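Here are the chains, one letter per residue:
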Amino acid sequence: MSTRTSALDSLVFGVDIQSGNIRGDAPSYAVVAFDGEHLDKDVVSFRKLRRLIEREEPAIVATDNMYELAADKDALVHFLQSLPAGTKLVQVTGADQPEPLSRVASRHGVPYGKEPMKEAEAAARLAAANVGYEVSAFTDTTTVKVSRGRSTGKGGWSSDRYTRRIHGNVKTTSRDVESKLKDAGLAYERDVTEKYGGFSNAIFTVEARPQDIPVSNRRSGDIRIEVERDRRDGIEFEPLVKRRDHVIVGIDPGTTTAAAVVGLDGTVLDVLSTRTADTADVIEWLIERGRPIIVAADVTPMPETVEKFRRSFDAAGWNPTTDLPVDEKLHRTRDEDYDNDHERDAMAAALFAFDAHEDQFERITRKVPPRIDRGEVIARVVSGEESVEAVLRELSDDEESEEETTEHTERELSAEEKKIKRLESQVERLETHVSELQSRVEDRDETIEEYKSELSDARRKERREARERREVNRLERENGRLERELEAEEERADELQSKLSRLKDLWKLDHSNFADVAEGRDLVPVKVVEQFTKKAIEQTDEEYGISAGDVVYLRDASGAGRSTAERLAEKKPRVVLRSGGLSDVADEVLFDHDIPVGPADDVSIQEIDELAIARGTDIESVVADWRRRAEDRQKEQKSEMMDQIISEHRANGGREE
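Residues numbered from 1 in each chain as written. Predicted model: local features only at pLDDT ≥ 70, side-chain atom pairs only at ≥ 80, totals over all residues. Heavy atoms only, no water.

## Some thoughts on helix H4 (residues 116–128)
- Between the first and last C-alpha of H4 there are 18 Å, a value that for 13 residues agrees with the 18 Å anticipated at 1.5 Å per step.
- Buried within H4 are the following residues: Met117, Glu119, Ala120, Glu121, Ala122, Ala123, Ala124, Leu126 and Ala127.
- Contacts made by the buried residues of H4 are with strand E1 (12–19), strand E2 (28–34), strand E3 (39–45), strand E4 (60–63) and helix H3 (101–107).
- Among the residues trailing H4, Asn130 stands out with phi positive, at a value near 65°. (Helix = DSSP H or I, 4+ residues; strand = E, 2+ residues; numbered from the N terminus. Expected span 1.5 Å × (residues − 1). Buried < 20%, exposed > 50% of the residue type's maximum accessible area, 1.4 Å probe, protein only. Contact = heavy atoms within 4.5 Å.)

## So, a negative patch on the surface
- A contiguous patch of negative charge on the surface is contributed by Glu442, Asp443, Asp445, Glu446, Glu450 and Glu454.
- Note on placement: Glu442 falls in helix H13 (residues 415–506). (Patch = residues over 30% accessible without salt bridge, like charges linked within 9 Å, V, L, I, M, F, W, Y side chains within 5 Å. Areas by Shrake-Rupley, 256 points an atom, 1.4 Å probe, with all protein chains shown as cover. Salt bridge = Lys/Arg side-chain N within 4 Å of Asp/Glu carboxyl O. Lys, Arg positive; Asp, Glu negative; His and termini not counted. Charge placed at Lys NZ, Arg CZ, Asp CG, Glu CD.)

## A word on the pairing of E1
- In terms of burial, E1 is a largely internal element, six of the eight residues being buried.
- Of the pairings in the sheet, the one linking E1 to E2 comprises seven bridges and is antiparallel in character. Note that in E2 the partner of Ile17 across the bridge is Tyr29. (Pairing = 2+ DSSP bridges.)

## Comments concerning the packing of helix H9 (residues 341–367) against helix H10 (residues 374–382)
- Remark: H9 packs on H10, axes separated minimally by 10 Å, with the N-to-C direction vectors making an angle of 125°. In terms of axis orientation, H9 runs oblique to H10. With respect to the hand of their crossing, H9 and H10 are arranged in right-handed fashion. Listed contacts from H10 to His357, Gln360, Phe361, Ile364 and Thr365 of H9 are Arg374, Val377, Ile378, Val381 and Val382. (Axes fitted to C-alpha atoms, helices over the stretch in contact; angles between N-to-C directions. Parallel < 35°, antiparallel > 145°, perpendicular 65-115°, else oblique. Left-handed = near helix turned anticlockwise from the far one by under 90°.)

## Quick notes on the packing of helix H14 (residues 534–543) against helix H15 (residues 562–570)
- Relative orientation of the contacting elements H14 and H15 amounts to 20°, with a least axis distance of 9 Å. Relative to H15, the element H14 is oriented roughly parallel. Read as a crossing pair, H14 and H15 show a hand that is left-handed. Here H14 contributes Lys534, Ile537 and Glu538 to the contact with H15, which in turn contributes Ser563, Thr564, Arg567 and Leu568.
- Across the contact of H14 with H15, the residue classes tally to two nonpolar, two polar and three charged. (Nonpolar A, V, L, I, M, F, W, Y, C, P; charged D, E, K, R; others polar.)

## Considering the nonpolar core
- With 33 residues, the main nonpolar core has Ile248, Ile293, Ile294, Phe361, Ile364, Val377 and Ile378 as its most contacted residues.
- Only strand E12 (257–263), strand E14 (291–296), strand E15 (316–318), H9, H10 and helix H11 (388–396) provide two or more residues apiece to this core.
- Broken down by element, the residue count for this core peaks at eleven residues, all from H9.
- Apart from the residues within four sequence positions on either side, Ile378 is in contact with Leu264, Ile293, Phe361, Ile364 and Thr365.
- In this structure, Leu11, Ile17, Val31 and Val77 belong to the second largest nonpolar core, which totals 28 residues. (Core = buried A, V, L, I, M, F, W, Y, C linked by side-chain atoms within 4.5 Å.)

## Things to note about the sheet that holds strand E11 (residues 246–252)
- With mixed pairing, five strands are arranged side by side in an open sheet as E13-E12-E11-E14-E15. Each edge of the open sheet carries a strand with a single partner, namely strand E13 (268–274) and E15. On average, adjacent strands in this sheet sit at an angle of 25° to one another, irrespective of strand direction.
- Here five bridges tie E11 to E14, and the two strands are oriented parallel to one another. Bridge pairing in E14 links His246 to Arg291.
- Strand contacts of helix H7 (residues 304–313): E11, E14 and E15, with the helix running at about 155° to E14, the strand carrying the most contacts.

## Side note on the environment of Arg224
- Here Arg224 shows up in strand E10 (residues 223–239).
- Assessed through its relative accessible area of 27%, Arg224 is described here as partly exposed.
- Separated by 51 residues in the primary sequence, Arg224 and Thr173 place their C-alpha atoms 9.4 Å from one another.
- With residues near it in sequence (within four places) discarded, Arg224 still touches Lys145, Val146, Ser147, Arg148, Gly149, Arg218 and Arg219.

## Concerning the pairing of strand E17 (residues 551–554)
- Along E17, one buried face is formed by Val551 and Tyr553 and the opposite face, lined by Val552 and Leu554, is buried too.
- Regarding the hand of the β-α-β motif, the stretch spanning strand E16 (residues 523–529), H14 and E17 is right-handed.
- What joins E17 to strand E18 (residues 575–578) is H15, and the crossover it makes is right-handed. (Right-handed = clockwise from strand over helix to strand, strands pointing away.)

## Structural notes on the side chain of Thr256
- Within the secondary structure layout, Thr256 lies in the loop between E11 and E12.
- Thr256 has contacts with Ser273, Thr274, Arg275 and His342, leaving out every residue within four places of it along the chain.

## Brief notes about H10
- Among the nine residues in H10, seven count as buried, and that is most of the element.
- Those residues of H10 not exposed but buried are Gly375, Val377, Ile378, Ala379, Arg380, Val381 and Val382.

## Observations concerning the packing of aromatic side chains
- One pass over the structure, following the stated rule, counts five aromatic pairs.
- Counting every residue linked through ring pairs, the aromatic cluster contains Tyr29, Phe46 and Phe79.
- The aromatic ring of Phe34 is capped on one face by Arg125, whose charged end is 4.9 Å from the ring centroid.
- One Lys or Arg, Arg633, reaches over the ring of Phe591 and ends 4.0 Å from the middle of that ring. (Phe/Tyr/Trp six-rings, centres within 6.5 Å; stacked < 30°, edge-to-face > 60°. Lys NZ or Arg CZ within 6 Å of the ring centre and 35° of its normal.)

## Side note on the pattern of salt bridges
- Under the criterion given, the structure shown has 38 salt bridges.
- Salt-bridge contacts for Lys182 lead to Glu471; the nearest nitrogen and oxygen are separated by 3.5 Å. Taken together, the residues Lys182 in helix H5 (residues 159–183) and Glu471 in helix H13 connect sequence positions 289 residues apart.
- Judged by relative accessible area, Lys182 falls into the partly exposed class, the value being 39%.
- The residue Arg311 makes a salt bridge to Glu307 at a minimum N-O spacing of 3.6 Å.

From the geometry alone we can't say anything about function, so treat these as descriptive.
Shown next as structure tokens:
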């Protein structure tokens, strides 16, 4: 395909499968580029088609069947996600139940042929004329996520500083994104996850499409920004031009007003229930969905509120001869979805009104030629009480009949011709009356447009005020959070100040030389080990260091084995103070290494958090006491040893004899 199409405005691509199958290998496509005047044709592979769409960025990619471009629903969503921001996928043959392309082309006067290139051209021309439905898998809400671009790791000497830097950068970038959203006037909601030093992520839910947001996907260093449009639950179809077809309306008035819209084929098109909207709001909602020709109620006589709706649309009214029973309404609406009884009643009224006029609609349809709008004829017959023939004559504008009438005016008219002339005169009078009615309708349309303009202004003002209220609420929440943080920090500062005062009264701590604490005073630093285990010994050693000559306090001395006692003995402490019983094995190991052990109850230990001190005189007393016991123990061991040697000698001497 030539690059000439890149300069065209409102470029439309018509696409039809040329050969192969999207579920098979290497399908090819007939592609027609149409700008309203020129056609450019080519046959390309699926991959080249994707690249062509990405390069040319057409306004519309049109096809008669969307599943010629995707094998299934997931693949279709992926294809829609890959389209440029300004490109729509349009199915020109309809929504969920598409018509044959030949029928749609004939109805709109577009050239059609069975060859793939002809079908692609027909699709392009139809889409250019705003015929078809946009295929959509995404909402108009976009999620912008600012998060860490790299892992904070498992730790190390500088892990805190590294983590704080990353979280600080995420927080700074999220504020920059928020500032851009505010400058663009976009409505959004923010949800952040606070971590050490800042944010680990910030998620913005923005009421806009990605192309309208001044932020794009980016990943650099510590930061990653992901922009993703929110996906719908399924595939939806939106008409390129919202046609206001003729419809039947059911109304259920009351504290909760409900309205249902039914097409002339009996299909339920939409339903509404509201407690807050007034009559004008409901009328506007109905105007957006069609032109009512019948307004129906489910009770008799017709309520005044329903009558107001009927007069507003100058439509025919319908109500049952007796109030519709609940079981009949349930049965008639059994295949439809509704949220409450009010919606059910409105829907039932519209459907029963359709049932009452269905035969009339079919008779009118059989008489209407293909090129004339069936809905317009039905509307004028039902609400205007005109005959089908009179409406068709007016709409068809039969010039041939006028020529024949002019040709025979000079001769004597027959009785039948006089009757025709009289009827034509009557038609002229009726047409004059219709013109007057149309003038009234135009005046009403102007009034409606004025109301719409006022309503639009009021809604814009309301949206602006809502945004301001949301911003005020957000600032109030932020202010409350900051006040809570300030209170917590003040409490923490008071606590730290109190702790600092106590520490100043007790000692000046220098981690590099812990023994300096006792300099010039009868105080000795004590290294606290929570439990007599290897892990607890290593933890205390990592945090404060256990050096030769230190006083070690075992808060729980029970349960230690030989290897644990040897690990402590390797540190060569000056003395070990214990709480609880010491195992025989551990006691033996420490005794063999000449390490004094004494009960902690004999020493006055003062603790502040993880730090502790004791009086030097108490420590000396424990050591001296252990020395005395050690001498007695050694004497006892020597005595036992001598007794054992004598016993062995006697035993050996006895055998010699």
